[in-house]
Amino acid sequence: MDPTHLFELVIGMFVAIIALHYAAHRLGLPPSVALLAGGALLAFVPGLPTIEVDPALVLVIFLPPLLMDGAWFIALGPLRRHMIGIASLAIGAVFFTCAVVAVVTHLLFPSLPWAACAALGAIVSPPDAVSARAVLQRVKLPRRLQILLEGESLFNDASGLVLFRFAIAAGVTGVFSTVDAMGSFFVLAVGGALVGIAIGMAWVLLVRRLGDEYLIIAATALLSWVSYLLGEFIHVSGVIATVTTGLIAGWHQHTAFSAATRMRGTSFWTVLVFLMEAAVFILIGLSLRGVVERGGGFSVVIADLGWPILVILLALTVARFAWVFGSDLAIRLCNMLGIKRYTPIGAGGATVLSWAGVRGVVTLALALSVPESFPGRDFILVTSFAIILGTVLLQGTTLGRVIAWARLSEPESDKARLTMSQAEAAMAQAQFVTCKTGLTIAKANSSIRNCWTNINEEPCRSSIMPNAPSTIRPCSTPISTSFSRRSRRDGVNSSGFTAPVRSTTRRYTSWNGTSTSRS
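Just so you know, these numbers come straight off a predicted model, no measurement behind them.

Peer 1: Would you explain the overall build of the protein chain in this entry?
Peer 2: On a plain count of helices and strands, the protein chain comes out with 21 helices and three strands. The proportion of buried residues among the 519 residues of the protein chain is 51%. As presented, the protein chain carries roughly 24100 Å² of accessible surface, and 66% of it is formed by carbon and sulfur atoms.

Given below as structure tokens:
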């Protein structure tokens, strides 16, 4: 294809992204559904060339920055508290789903080798990080479920990639070893984590010495690809390396960046991630034409593979339900035995968690990377694409209704505390009332501490000063507010008390710009 023509197609794709996103907003549809459906329709427009997606290139371009974005903003405190549940979904559920799909596929097609059945199971077993983000952005979930789904989407790709590699190797060589697979997974995960730590710490040292906003933003934008490519180059998990780097960089962002740099960088990064997420779904849709042609046309695919694909999709969904409900039942049994470290999420939460397993770009890229000579390649490719369409169009569009039906409630222990802006407003009001009414410093600090642990904004304000004007703010910061790591630890929507009031003499500015001093 002529390079100029290719560039025109890329520009046209981004124009289509804007139009489809706007149409989804007007129609009340999830953008991922509109983009995937729109891409599928565009694939059959006369005159357009067949889009051939290079699977390795798709993974390298799209996966690292989207994983980095998820790791950068995830709350470390809840992530650490729920790591057992996340590991259960990212490793246990992926392995279990892979086994179920392999067994069902072999029952449907006894002539298909076990290696090919396992390869299909490995391809479709991990829910996709990009698809999960697209779905979660439009729904409101209790904090625990949100963390479980976000954490799962960060780590499950590594499990799926390991299973896929061993299934392909077994299909080519005819040899498979469970012990070797588990050992390889451990080496890949630990090696990827070490690479991510090294890259993350090197980034922290680098950005503190660059001194230029645009150099810092550029270095940060390249960070995900550097970590991923280095991990893959030394044959460890690039996924784990990228996620680890993102966690470290997100932890240090408030100390490594100035406020202006963080604002500019966040604006740039948000637009970049938006375009990449949208491009992933429209590329999946544009790939439909090639997949259908490989399968022999729509009529052949529906007549020969329609029923088996539906059965495999049902088995995939049931396997996830079985794992999630089984895990919740195990937690209940532990509670009955006196082990009450973890709280069950309940039937409603388990239903939502099970229904949120949407597949996407990783499934497509793995399916396209199956060798040409591999047994059952066309069946694997068509089935993988059908599962992407089924999960995005069905689960993606109905997840909001499932959440409403489940009537989820959030335990007090999982609820977020004050946002940063609410906490700062509460502190400013406490300082003002100290200066205005002569309230003792001890009482002021006590009021501030109560605000840090209060959940709602209005009761917090009224407990300090019922009629305090919200337009009054301090001109200088009288409290040592080392928010970065405390707020990063507890999440975006929480903070912690750090230090008492240092002085009772401060200048305040009202809404009209006049300044006064109080003692």
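Picking up after the structure, the text goes on.
Peer 1: Whenever I open this one, the packing of helix α3 (residues 55–73) against helix α10 (residues 213–233) confuses me. Can you help?
Peer 2: Packed helices, taken two at a time, are described by the angle their axes make and the gap between the axes. Following both chains from N to C, one finds α3 and α10 inclined at 115 degrees, their axes separated by 9 Å at the closest point. The orientation of α3 relative to α10 falls into the category roughly perpendicular. Seen along the crossing, α3 lies across α10 with a hand that is right-handed. Contact residues: Leu59, Val60, Ile61, Leu63, Pro64, Pro65, Met68 and Trp72 in α3; Thr220, Leu223, Ser224, Trp225, Tyr228 and Leu229 in α10. Its residues assigned to classes, the contact of α3 with α10 comprises twelve nonpolar, two polar and no charged.

Peer 1: Mind showing me how you'd approach a nonpolar patch on the surface here?
Peer 2: Nonpolar side chains collect at one region of the surface, where Phe186, Val187, Val190, Leu194, Ile197 and Met201 lie side by side and expose about 550 Å² of accessible area between them. If you trace the backbone, Met201 turns up in helix α9 (residues 178–210). Given the relative accessible area of 39%, Met201 is considered partly exposed.

Peer 1: Honestly, empty space enclosed by the protein in this entry has me stumped. Any pointers?
Peer 2: Under the counting rule described, the total for this entry stands at eight cavities of 30 Å³ or more. Within this model, the largest cavity holds a volume of roughly 190 Å³. When contributions to the lining of the largest cavity are tallied by element, the ones reaching two or more residues are α3, α10 and α12 (259–286). It is α12 that provides the largest number of residues to the lining of the largest cavity, a total of six residues. Looking at side-chain class alone, the lining of the largest cavity contains eight nonpolar, five polar and one charged residues.

Peer 1: Would you take a moment to explain the nonpolar core for this structure?
Peer 2: A general feature of soluble globular proteins is that nonpolar side chains tend to end up buried together. Counting 119 residues, the largest nonpolar core has Ile123, Trp203, Val352 and Ile380 as the members making the most contacts within it. Discounting chain neighbours no more than four positions away, the residues touching Ile123 are Phe164, Thr363, Leu366, Ala367, Val370, Ile380 and Ser384.

Peer 1: Just checking my understanding: could you explain the packing of aromatic side chains for this structure?
Peer 2: Geometrically, a pair of aromatic rings is defined through the distance of the ring centres and the angle of the planes. In the structure shown here, the tally under the stated rule is seven aromatic pairs. Note on Phe96 and Trp323: the rings are 5.6 Å apart at their centroids and 35 degrees apart in plane angle, and the pair reads as tilted. A residue pair is termed long-range when its members are at least 10 positions apart, and Phe96 in helix α5 (residues 83–108) and Trp323 in helix α14 (residues 298–336) qualify at 227 residues. With relative accessibility at 25%, the residue Trp323 sits in the partly exposed group. In this structure an aromatic cluster arises from ring pairing among Trp72, Trp203 and Phe257.

Peer 1: In this structure, what is going on with the environment of Pro126? I would like to understand it.
Peer 2: Mapped onto the elements of the fold, Pro126 is located in the loop between α6 (114–124) and α7 (129–136). For the pair formed by Pro126 and Gly360, sequence separation is 234 residues and the distance between their alpha carbons is 9.3 Å. In contact with Pro126, other than residues within four places in its own chain, are Val94, Asn156, Asp157, Gly160, Arg359 and Thr363.

Peer 1: How should unusual backbone geometry be read in this particular structure?
Peer 2: Most peptide bonds take the trans configuration, and most residues that are not glycine carry a negative phi. One non-glycine residue, His235, lies in positive phi territory at about 65 degrees. With respect to the element layout, His235 can be found in the loop between α10 and α11 (238–256). You can call His235 exposed: its relative accessible area is 65%.

Peer 1: Help me understand α14, please; the structure alone is not making it clear to me.
Peer 2: Taking 1.5 Å per residue, 39 residues should reach 57 Å; α14 reaches 53 Å between its end C-alpha atoms and fits that length. Downstream of α14 by a residue or two, Gly338 has a phi angle that is positive, lying close to 100 degrees.

Peer 1: Explain the side chain of Glu152 here, please?
Peer 2: Following the sequence through the fold, Glu152 ends up in helix α8 (residues 143–173). Excluding residues within four positions of it along the chain, Glu152 makes contact with Ile86, Leu89, Ala90, Pro127 and Arg320.

Peer 1: For this particular structure, what's the right way to read the packing of α6 against helix α16 (residues 361–368)?
Peer 2: Packing of α6 against α16 leaves a shortest axis separation of 8 Å and a crossing angle of 150 degrees. Relative to α16, the element α6 is oriented roughly antiparallel. Between α6 and α16, the contacting residues are Ala122, Ile123 and Val124 on the first element and Thr363, Leu366 and Ala367 on the second. Grouping the constituent residues of the contact of α6 with α16 by class yields five nonpolar, one polar and no charged.

Peer 1: Can you help me understand the side chain of Thr220 in this one?
Peer 2: Positionally, Thr220 belongs in helix α10. One polar contact links Thr220 to Trp203, side chain to side chain, over a distance of 3.1 Å. Sequence-distant contacts of Thr220, defined by excluding residues within four places in its chain, comprise Trp72, Trp203, Val207 and Phe257.

Procedures and definitions
- Residues numbered from 1 in each chain as written.
- Predicted model: local features only at pLDDT ≥ 70, side-chain atom pairs only at ≥ 80, totals over all residues.
- Heavy atoms only, no water.
- Helix = DSSP H or I, 4+ residues; strand = E, 2+ residues; numbered from the N terminus.
- Buried < 20%, exposed > 50% of the residue type's maximum accessible area, 1.4 Å probe, protein only.
- Areas by Shrake-Rupley, 256 points an atom, 1.4 Å probe, with all protein chains shown as cover.
- Axes fitted to C-alpha atoms, helices over the stretch in contact; angles between N-to-C directions.
- Parallel < 35°, antiparallel > 145°, perpendicular 65-115°, else oblique.
- Left-handed = near helix turned anticlockwise from the far one by under 90°.
- Contact = heavy atoms within 4.5 Å.
- Nonpolar A, V, L, I, M, F, W, Y, C, P; charged D, E, K, R; others polar.
- Patch = residues over 30% accessible without salt bridge, like charges linked within 9 Å, V, L, I, M, F, W, Y side chains within 5 Å.
- Salt bridge = Lys/Arg side-chain N within 4 Å of Asp/Glu carboxyl O.
- 1 Å grid on protein atoms, 1.4 Å probe; cavity = no way out; pocket = protein on both sides within 12 Å on 5 of 7 lines; lining within 4 Å.
- Points joined across faces, edges and corners; volume = space filled by probe spheres on them.
- Core = buried A, V, L, I, M, F, W, Y, C linked by side-chain atoms within 4.5 Å.
- Phe/Tyr/Trp six-rings, centres within 6.5 Å; stacked < 30°, edge-to-face > 60°.
- Expected span 1.5 Å × (residues − 1).
- Polar contact = N/O pair within 3.5 Å; in protein donor to acceptor, adjacent residues only side chain to side chain.

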